[in-house]
Amino acid sequence: MQNEILDFPKGFLARYIRYTDRMEIYGPDLGMPHTRAMGDGLFELRLKSAEGIARVFYCTFIERKIVILHQFIKKTDKTPKRELNIARKRIKEVKP
């Protein structure tokens, strides 16, 4: 999963690194506009750059461990159900 994030355009990657560094300090929920709780332990990291808008879905475990589940570059205003379903499927696979 981490390798897919490294394939993001540079602007997204820079923002991803900046926000995940903040998450290490302040915890996984930075609040809007950076992160948003999606329910059932799923969060989205909201990235904006000159390249557009991207989302990274993640969940947390005990001791604030963060697991990246899925990421994509948005092409529409609304998050496609397909992308959200991928993240929801993956959270079931990794949560104990």
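Note that the structure is a prediction, hence the values are computed from the model and not measured.

Peer 1: Now, about the overall build of the protein chain: what can you tell me, with residues and values included?
Peer 2: Scanning the protein chain for helices and strands turns up 3 helices and 4 strands. Starting at the N terminus and ending at the C terminus, the protein chain contains elements arranged as α-α-β-β-β-β-α. Within the span of the protein chain, comprising 96 residues, buried residues form 41% of the whole. A separation threshold of at least 6 residues defines the contact pool for the protein chain, and within that pool the share at least 24 residues apart is 45%.

Peer 1: If you had to explain the sheet that holds strand β3 (residues 52-61) to someone new, which residues and values would you point to?
Peer 2: The sheet built from 4 strands is open, its strands ordered β1-β2-β3-β4 with antiparallel pairing. Only two strands of the sheet have a single partner each, and these edge strands are β1 (35-39) and β4 (65-74). The mean angle between the axes of side-by-side strands here comes to 25°, regardless of whether they run parallel or antiparallel. In this structure, β3 lies alongside β4, joined through 9 bridges in antiparallel fashion. Along β4, the bridge assignment pairs Tyr-58 with Ile-68. The sheet contacts of helix α2 (residues 10-26) involve β2 (42-49), β3 and β4, and relative to β2 the element is tilted by about 135°.

Peer 1: Could you give an account of α2, with specific residues and numbers?
Peer 2: Between the first and last C-alpha of α2 there are 24 Å, a value that for 17 residues agrees with the 24 Å anticipated at 1.5 Å per step. Among all positions in α2, only Gly-11, Phe-12, Leu-13, Tyr-16, Tyr-19, Thr-20 and Met-23 are buried. Backbone geometry just after α2 places Gly-27 at a positive phi near 100°.

Cut-offs applied
- Residues numbered from 1 in each chain as written.
- Predicted model: local features only at pLDDT ≥ 70, side-chain atom pairs only at ≥ 80, totals over all residues.
- Heavy atoms only, no water.
- Helix = DSSP H or I, 4+ residues; strand = E, 2+ residues; numbered from the N terminus.
- Buried < 20%, exposed > 50% of the residue type's maximum accessible area, 1.4 Å probe, protein only.
- Contact = heavy atoms within 4.5 Å.
- Pairing = 2+ DSSP bridges.
- Axes fitted to C-alpha atoms, helices over the stretch in contact; angles between N-to-C directions.
- Expected span 1.5 Å × (residues − 1).

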